[in-house]
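In case you want the letters, here they are:
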Amino acid sequence: MGNWVVNHWFSVLFLVVWLGLNVFLFVDAFLKYEKADKYYYTRKILGSTLACARASALCLNFNSTLILLPVCRNLLSFLRGTCSFCSRTLRKQLDHNLTFHKLVAYMICLHTAIHIIAHLFNFDCYSRSRQATDGSLASILSSLSHDEKKGGSWLNPIQSRNTTVEYVTFTSIAGLTGVIMTIALILMVTSATEFIRRSYFEVFWYTHHLFIFYILGLGIHGIGGIVRGQTEESMNESHPRKCAESFEMWDDRDSHCRRPKFEGHPPESWKWILAPVILYICERILRFYRSQQKVVITKMNKRGFSMEVGQYIFVNCPSISLLEWHPFTLTSAPEEDFFSIHIRAAGDWTENLIRAFEQQYSPIPRIEVDGPFGTASEDVFQYEVAVLVGAGIGVTPFASILKSIWYKFQCADHNLKTKKIYFYWICRETGAFSWFNNLLTSLEQEMEELGKVGFLNYRLFLTGWDSNIVGHAALNFDKATDIVTGLKQKTSFGRPMWDNEFSTIATSHPKSVVGVFLCGPRTLAKSLRKCCHRYSSLDPRKVQFYFNKENF
Amino acid sequence: MGQIEWAMWANEQALASGLILITGGIVATAGRFTQWYFGAYSIVAGVFVCLLEYPRGKRKKGSTMERWGQKYMTAVVKLFGPFTRNYYVRAVLHLLLSVPAGFLLATILGTACLAIASGIYLLCPAGGCAWRAVDAHRAQAPGAA
């Protein structure tokens, strides 16, 4: 428990502040509309659902402000870069931008539900009081018509007895934009479930652009001024607390109280969303600008492109699809004069890309690149001891790191904080990764030449083994190099026993801060996280394991 | 785009619509809005749609993530044979179910969403669109590679 707190205190604090603000805004707005005299008459018709609707509206404004910020990748990268003096814990939060985006989205959905339900009750109340003929306060207030020469001091938006609530909904700006926004929101949510995102990314990507309708709708939602409160002037003249009782006598000439006059609430959503929308537009312009820069393929080059280890880029290939951008980790090191990615065929777009490149007789298709963007792998060199775990295609960010180490050694870079790296490569079979194999072989030789054999400790685990392979390995046990990979380090079969690994590392480095980096599936993340908590000492001076997961 | 199985998204959308219909129906019935009996209908229709759409069909390519506890409903859905298997039948069914709920403001959102789900089901290529039950043995998630 103690370790969990040490690793996650900032996330918890951030979430508590965010939730707290939501609660505060809700309660504050609720009380305002429930108690203020300005809405005394409005409450006479609507009751507490007015305050409910307004409170949820304020929370919707707040969360709509926040929702665009976590997806401004370039802004976040910039923050990461400028905050190099900030502690590791603070910078790690920027990795969780998508999680926060989802949380804010759920909150928007919740408040949308509250808002719609409250307004359904409101419309029903308005409709009933318009139909009422009993001369009650509510019916008199509703009869204040829109035609008054004094500038429309009406209260009830439902004008005539025959108007249905459906008619008002679809002919008022608030109602129509509300319906459009909600449908856009629902479509965005259903196409963004994990299953759809992972299996049919295009459906998610294109549908999610419906957010434009949501934002536009939000901007103009309040223009009609349907939420009405009594005007200042009218309140001075006939205060509701004094005059409400005597409503039958408002029209009498000698009464102190006149008919109350109402005015609409000016729209305020646009004030909340203006800044994030501008930031997001800048973000998209920046992405577009970067995408226009020429990329030379065979070895990719782009003017002004500079990267750090483990970063990723977004790639677009206009000849395959104009609008789709897909993320790929960079497998080259910053020290090289080109940048590279390795792509696995995993769906429509990747298969088409590979096919396009394999064509012998047509020219190489043009590629657009946006990035690079930073993720946790950049932090590898900040740790004294680093444990890198790459599962399957997840080995790609580590290709960049290992290559970078190689170059740093060649330049004898003494600024390298890292003293020891443990690298675990877990995959079904190494066939698809022969390029990585070659990298490890070169590193092995390099280490030997420099006499630093102990710096990089790597283990390869083949999970797709069968008895043939094992038999073969057993027979060749005495050979110096492994028969499967040709590396000096022998291949293990099956999955690593993390408890053993972690306890060995903890024993060998009792006073160090160990960074654990994973690029792989969630189940593995869970086991590693558990091990990090279990083997971190409660004493902050002794061994500490920090877990970092990379995902897209 | 050729490999997208629209039925999978239609399924998510229909499930969400069912929930929205139920919620709208409860609000209308509890609040005794005018013509609240449409709300009562909406609850029943919503429950039916949710039960029908809860078991996720098997994907043509790749493994299918089952929803928690869906195997109980799978048995029921399989019973109705072609009526529940064929996605076009589902599309028409959803369209018809959504119409009565359109008369009440509280449930009109459910109508719109269910109609959209119906439209997405119609995007399935002809002759290739059927709901198939996920086999219990093969529904295990692949282990860490």
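Positions within a chain are numbered from 1, following the residues in the order the chain's sequence is written. Here chains are named by letter from A upward and ligands by number from 1 upward, in the order in which they appear as written. Per-residue local features of the predicted model are confined to residues with pLDDT of at least 70, and side-chain atom pairs are confined, for both listing and counting, to 80 or more; whole-chain, interface and lining totals are unaffected and use all residues. Side-chain numbers here rest on the full set of heavy atoms in the structure, without hydrogens or water.

By the naming in an unreviewed UniProt entry, chain B goes by Cytochrome b-245 light chain and is assigned to Homo sapiens.

Novice: Give a description of the interface of chain B and chain A that names residues and reports values.
Specialist: Between chain B and chain A, the residue contacts involve 36 residues of the former and 38 residues of the latter. For the pair chain B and chain A, the two sides together bury roughly 3000 Å², of which 70% comes from carbon and sulfur. Basic side-chain nitrogens of Lys or Arg form a salt bridge, by our definition, when they fall within 4 Å of a carboxyl oxygen of Asp or Glu. At the boundary of chain B and chain A, one finds zero salt bridges. Polar contact criterion, stated in full: a pair of N or O atoms within 3.5 Å, where within protein one must be able to donate a hydrogen and the other to accept it, and residues adjacent in sequence count only if both atoms are side-chain atoms. Linking chain B with chain A are seven residue pairs in polar contact (both at pLDDT 80 or more), by the criterion used here. Going through the elements one at a time, helix 1 (6-30) and helix 6 (105-121) of chain B are the ones with two or more residues in the side of chain B that touches chain A. Every residue pair with non-hydrogen atoms within 4.5 Å of one another is taken to be in contact. In short, buried area is how much 1.4 Å probe accessible area vanishes from two parts on joining, totalled over both. A helix here means a DSSP run of H or I that spans at least four residues, while a strand means a run of E at least two residues long, and both kinds are numbered starting from the N terminus.

Novice: Account for the packing of helix 3 (residues 49-67) of chain A against helix 6 (residues 97-131) of chain A, naming residues and giving values.
Specialist: Residue and element names in this part refer to chain A. Between N-to-C directions, angles cover 0 to 180 degrees, with each direction set by a line fitted to C-alpha atoms, over the stretch in contact for helices. For the pair helix 3 and helix 6, interaxial distance at closest approach is 8 Å and the crossing angle is 155°. Here helix 6 runs roughly antiparallel to helix 3, going by the angle between their axes. Handedness of the helix 3/helix 6 crossing: left-handed. What sets the label is the angle itself: under 35 degrees gives roughly parallel, over 145 gives roughly antiparallel, 65 to 115 gives roughly perpendicular, and the rest give oblique. In this scheme the crossing of two helices becomes right-handed for a clockwise turn of the near helix relative to the far one and left-handed for an anticlockwise turn of less than a right angle.

Novice: Give a detailed account of the pairing of strand 10 (residues 513-519) of chain A, specifying residues and quantitative values.
Specialist: Residues and elements named next belong to chain A. Of all seven residues in strand 10, six are buried; the element is thus mostly enclosed. For two strands to pair, DSSP has to find at least two bridges joining them. Sheet analysis places strand 6 (residues 385-391) next to strand 10, joined by six bridges and oriented parallel. Counterpart to Leu388 in the pairing with strand 10 is Phe517. Under the scheme applied here, a residue whose accessible area is under 20% of the maximum for its type counts as buried, over 50% as exposed, and between as partly exposed, the area being computed with a 1.4 Å probe on protein chains only.

Novice: Which residues make up the packing of aromatic side chains, and what values do they have?
Specialist: Centre distance within 6.5 Å is the pairing criterion for rings of Phe, Tyr and Trp, where only the six-membered ring of Trp is used; planes under 30 degrees apart are then read as stacked, over 60 as edge-to-face, and the remainder as tilted. All told, the structure shown has 28 aromatic pairs over all chains when counted by the stated rule. For the ring pair A:Phe328 and A:Trp349, a centre distance of 6.0 Å and an interplane angle of 25° mean the geometry is stacked. Separated by 21 residues along the polypeptide, A:Phe328 in strand 4 (residues 326-329) and A:Trp349 in helix 16 (residues 348-358) bring together distant segments of the chain. Assigned by exposure class, A:Phe328 and A:Trp349 land together as buried. What links up through ring pairs into an aromatic cluster is the set A:Tyr424, A:Phe461, A:Trp498, A:Phe502, A:Tyr535 and A:Phe545. A positively charged side chain is recorded as over a ring if its NZ (Lys) or CZ (Arg) lies within 6 Å of the ring centre. The angle to the ring normal must also be within 35 degrees. Above the plane of the ring of A:Phe314 lies A:Arg73, whose end atom (NZ or CZ) is 3.6 Å from the centre. Above the ring of A:Phe195, the side-chain terminus of B:Arg56 is found at 4.1 Å from the ring centroid.

Novice: Could you give me a rundown of the confidence of the model for chain B, with the residues and numbers involved?
Specialist: Per residue, pLDDT captures the predictor's confidence, and it can take any value from 0 to 100. Considering every residue of chain B, the mean pLDDT works out to 84; 88% of them sit at 70 or more. Taken together, the chains of this predicted complex give a pTM of 0.76 and an interface ipTM of 0.90.

Novice: Describe the pairing of strand 3 (residues 312-316) of chain A, naming the residues involved and giving the relevant values.
Specialist: Residues and elements named next belong to chain A. The buried fraction of strand 3 is high, at five of five residues. What you see with strand 3 is no split at all: Tyr312, Phe314 and Asn316 on one side and Ile313 and Val315 on the other are buried throughout. Pairing analysis gives four bridges linking strand 3 to strand 5 (residues 368-373), with the strands arranged antiparallel. Looking at the pairing, Asn316 lines up with Glu368 of strand 5.

Novice: How would you summarise the nonpolar core if you had to cite specific residues and measurements?
Specialist: If you look at the biggest cluster of nonpolar residues, it comprises 34 residues, and the most contacted ones within it are A:Tyr41, A:Ile45, A:Tyr126, A:Leu141, A:Leu155 and A:Trp250. Listed by contribution, the elements that provide at least two residues to this core are helix 2 (40-46), helix 3, helix 6, helix 7 (137-142) and helix 8 (165-171) of chain A together with helix 1 and helix 6 of chain B. Here this core takes four residues from helix 2 of chain A, the largest share from any one element. Apart from residues lying up to four places away in sequence, A:Leu141 is in contact with A:Tyr41, A:Lys44, A:Ile45, A:Leu155, A:Trp250, A:Pro260 and A:Phe262. Put simply, buried Ala, Val, Leu, Ile, Met, Phe, Trp, Tyr and Cys residues joined by side-chain atoms within 4.5 Å make one nonpolar core. Residues A:Tyr383, A:Ile401, A:Leu402 and A:Phe423 belong to the second largest nonpolar core, which totals 29 residues.

Novice: Summarise the environment of A:Ile320; cite the residues concerned and give the values.
Specialist: All names here are of chain A. The topology assignment puts Ile320 in the loop between strand 3 and strand 4. For Ile320, a relative accessible area of 25% corresponds to the partly exposed category. In contact with Ile320, other than residues within four places in its own chain, are Trp349, Asn352 and Leu353.

Novice: Describe in detail the pattern of salt bridges, supporting the description with residues and values.
Specialist: Following the criterion strictly, the structure yields twelve salt bridges over all chains and no others. For the salt bridge of A:Asp124 with A:Arg128, the shortest nitrogen-to-oxygen distance reads 2.9 Å. Taken together, the positions of A:Asp124 and A:Arg128, both in helix 6 and four residues apart, correspond to about one turn of that helix. The class for A:Asp124 is buried, based on a relative accessible area of 8%. According to the relative accessible area criterion, A:Arg128 is partly exposed, its value standing at 43%. Measuring nitrogen to oxygen at the nearest pair gives 2.9 Å for the salt bridge that ties A:Glu194 to A:Arg522. Of this pair, A:Glu194 sits in helix 10 (residues 194-199) while A:Arg522 sits in helix 21 (residues 522-535), placing them 328 residues apart in sequence. The structure contains a network of salt bridges with shared partners spanning B:Glu12, B:Arg56 and B:Arg67.

Novice: Quick one: what's the story with unusual backbone geometry, residue by residue and with numbers?
Specialist: Generally, phi is negative for residues other than glycine and the peptide bonds are trans, each holding for most cases. All names here are of chain B. The backbone of Arg32 shows a phi angle near 50°, a positive value even though the residue is not glycine. Assignment of secondary structure puts Arg32 in the loop between helix 1 and helix 2 (37-53). The class of Arg32 is exposed, set by a relative accessible area of 51%. Of note, the phi angle at Gln35 is positive, near 60°, even though the residue is not glycine. In this fold, Gln35 is placed in the loop between helix 1 and helix 2. For Gln35, a relative accessible area of 37% corresponds to the partly exposed category.

Novice: I'd like a rundown of the sheet that holds strand 3 of chain A, residues and numbers included.
Specialist: Residue and element names in this part refer to chain A. If you walk across this open sheet you meet the three strands as 4-3-5, and the pairing is antiparallel. With one partner strand each, in any of the chains shown, strand 4 and strand 5 form the two edges of the open sheet. For this sheet the average axis-to-axis angle between neighbouring strands, irrespective of direction, equals 30°.

Novice: Tell me about the UniProt feature "transmembrane region" (unreviewed entry) in chain B, and please be specific about residues and values.
Specialist: Residues and elements named next belong to chain B. UniProt's entry tags residues 12-30, 36-54 and 103-124 with the feature "transmembrane region" (unreviewed entry), counted in the numbering of this structure. In residues 12-30, helix accounts for 100% and strand for 0%; the two terminal C-alpha atoms are 27 Å from one another. Note that residues 36-54 is 89% helix and 0% strand, and that its end C-alpha atoms are spaced 27 Å apart. UniProt positions are given in the numbering used here, feature names are shortened, and annotations may be inferred rather than shown by experiment.

Novice: Mind laying out helix 5 (residues 87-101) of chain B, listing which residues take part and the relevant values?
Specialist: In an α-helix, one full turn covers 3.6 residues, which means residues spaced three or four apart are oriented alike. Residue and element names in this part refer to chain B. Taking 1.5 Å of rise per residue, 15 residues should cover 21 Å, and helix 5 covers 22 Å from first to last C-alpha, within 8% of that figure. The complete set of buried residues in helix 5 reads Tyr87, Arg90, Ala91, His94, Leu97, Ser98 and Ala101. Along the axis of helix 5, the buried positions cluster into a sector of 140°, meaning they face one direction only. Its buried side turned inward, helix 5 meets helix 1, helix 2, helix 3 (70-79), helix 4 (82-85) and helix 6. One side-chain oxygen of the residue at the start of helix 5 lies 2.7 Å from the amide nitrogen of Tyr88, identifying that residue as Asn86. Each residue after the first adds 1.5 Å to the expected span of a helix. The directions from the helix axis to the C-beta atoms form the arc being described.

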